[in-house]
Amino acid sequence: MMTTHSNSELKSVLMQAVQSAGDFILSKFKTTFKVDHKDGINNLVTEVDTASELLIINIIKKHFPDHGFIGEEYGDANMEATYKWVIDPIDGTVNFAHGVPLCCVSIGVLYQDELILGAVYNPMMQELFFAEKGKGAFLNDQAIVVSKHAVLEKAFLVTGFPYNFPEDVDPVKVFAYFAQRKYPLRRLGSAALDLCWVAAGRFDAFWEYNLQPWDIAAGMLIAQEAGAICTTFDGSPLEIYSKQLLVSNSHLHQALLNEINVAIQS
Ligand code: IPD
Ligand code: CA
Ligand code: CA
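The shown structure was predicted, so the numbers you read here are calculated from the model rather than taken from an experiment.

Criteria and thresholds
Residues numbered from 1 in each chain as written. Chains lettered and ligands numbered in written order. Predicted model: local features only at pLDDT ≥ 70, side-chain atom pairs only at ≥ 80, totals over all residues. Heavy atoms only, no water. Donors = N, O, S within 2.8 Å, 3.2 Å for Na, K, Ca; no water. Helix = DSSP H or I, 4+ residues; strand = E, 2+ residues; numbered from the N terminus. Buried < 20%, exposed > 50% of the residue type's maximum accessible area, 1.4 Å probe, protein only. Pairing = 2+ DSSP bridges. Contact = heavy atoms within 4.5 Å. Axes fitted to C-alpha atoms, helices over the stretch in contact; angles between N-to-C directions. Core = buried A, V, L, I, M, F, W, Y, C linked by side-chain atoms within 4.5 Å.

(A) Spatial organisation of the coordination of the calcium ion (ligand 2). Only Asp88 (OD), Asp91 (OD) and Asp215 (OD) from the protein reach the calcium ion (ligand 2) as donors, at distances of 2.1 to 2.2 Å. All donor residues of the calcium ion (ligand 2) come from one chain, and their arrangement in sequence is D-x2-D-x123-D. Separating the calcium ion (ligand 2) and the calcium ion (ligand 3) is a distance of 3.7 Å, and Asp88 donates to both of them. Highlighted residues: Asp88 in strand β5 (residues 83–91) and Asp215 in helix α6 (residues 213–225), separated in sequence by 127 residues. Here Asp88 matches Asp215 in class, with each residue buried.

So, in structure tokens, the structure goes:
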């Protein structure tokens, strides 16, 4: 029989997991650890990534032995489960491996495949982002909302480049299009933080391609709960398995979608 849990019960385990993993990665930051790579010599994975994911899985399993997982390092498990935890044990691994403090732990919770809770913790900056569906988004317990900027030409933008470039869109072409038009444009190296920084109103918009569910899940709920519009490049609602993403405030979203599509065709 399907067991259901209250959101507060789930939230308490989510907080325990994200904070323990955050404290763990902070304790290993700028120490010596084994660094390996996946497909692509710069697609790094460290022993801290795998240990962090194991730590998270073990905390969740202790409380909810029948839940499923969609994790970056240990893969999918128990995908038939009513509840699934979507885990990025370090988002921004390349930053982490080089001692750059722009990295975080990201965990989203799915109930019947719908996002209900998300937490993103950057222990280096002591910033914990959290959202519960329908209840708003928070940074260290303070409510956050997206920016109110409406002037396209002054939009403060962030993007990222996937390890595997998509075949249908050239990310460099789109980047160049905005850079040539003198938009203030950044590339932080952590998609989960990019999403949360849009949620907090620091950036006006974030776009990227070929992200994975663990990059997107928690940050997407946090951004939505902070008032962001989240779509693919054709304007369809964003899903955790979507291969393109544009997240921005409601004033800029349509104009940025137009610009991205013009850039793609250019
Ligand atoms: C990466 C980061 C980066 C994004 C890449 C992701 P990882 O995740 O989120 O910002 O550009 O596409 O794969 O490998 O650091 O967990
Ligand atoms: Ca990631
Ligand atoms: Ca990762």
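(B) Spotlight on the sheet that holds strand β13 (residues 205–209). The strand order across the open sheet formed by five strands is β12-β11-β13-β15-β14, and the pairing between neighbours is mixed. Whereas interior strands pair on both sides, the edge strands pair on one side only; in this sheet they are β12 (185–186) and β14 (229–231). Both β13 and strand β15 (residues 244–248) contribute to a ladder of five bridges, which runs antiparallel. Bridge pairing in β15 links Trp207 to Leu246. Contacts from helix α7 (residues 253–265) reach β11 (157–159), β13, β14 and β15 within the one sheet, and its direction differs from that of β15 by about 145 degrees.

(C) Highlighting the coordination of the calcium ion (ligand 3). Glu72 (OE), Asp88 (OD) and Ile90 (O) make up the full set of protein donors to the calcium ion (ligand 3), lying at 2.1 to 2.3 Å. The sequence pattern describing where the donors of the calcium ion (ligand 3) fall on their chain is E-x15-D-x1-I. Residue classification places Glu72 among the partly exposed residues on the basis of a relative accessible area of 23%.

(D) Here's a closer look at the nonpolar core. In terms of nonpolar packing, the biggest core is built from 41 residues, with Val120, Phe129, Trp197, Phe206, Ile222, Leu245 and Val247 touching the most fellow members. Where this core is concerned, the elements lending two or more residues are β6 (104–111), β7 (114–122), β8 (127–132), β9 (137–139), α5 (191–199), α6 and β15. Aside from chain neighbours lying at most four places away, what touches Leu245 is Leu195, Phe206, Trp207, Glu208, Leu211, Ile216, Thr231, Phe233 and Leu238. Counting residues in hydrophobic clusters, the runner-up holds 33 residues, among them Ile56, Ile60, Cys103 and Tyr121.

(E) Structural context of the pairing of β8. Most of β8 is tucked away, with six of its six residues classed as buried. Residues Glu127, Phe129 and Ala131 of β8 are buried on one face, and the alternating residues Leu128, Phe130 and Glu132, pointing to the opposite face, are buried as well. Across six bridges, β7 lies against β8 in antiparallel orientation. Each bridged residue has a counterpart across the sheet, and for Leu117 the counterpart in β8 is Glu132. Hairpin connection of β7 to β8: four residues between the antiparallel strands, including Gln126 at a positive phi of 55 degrees.

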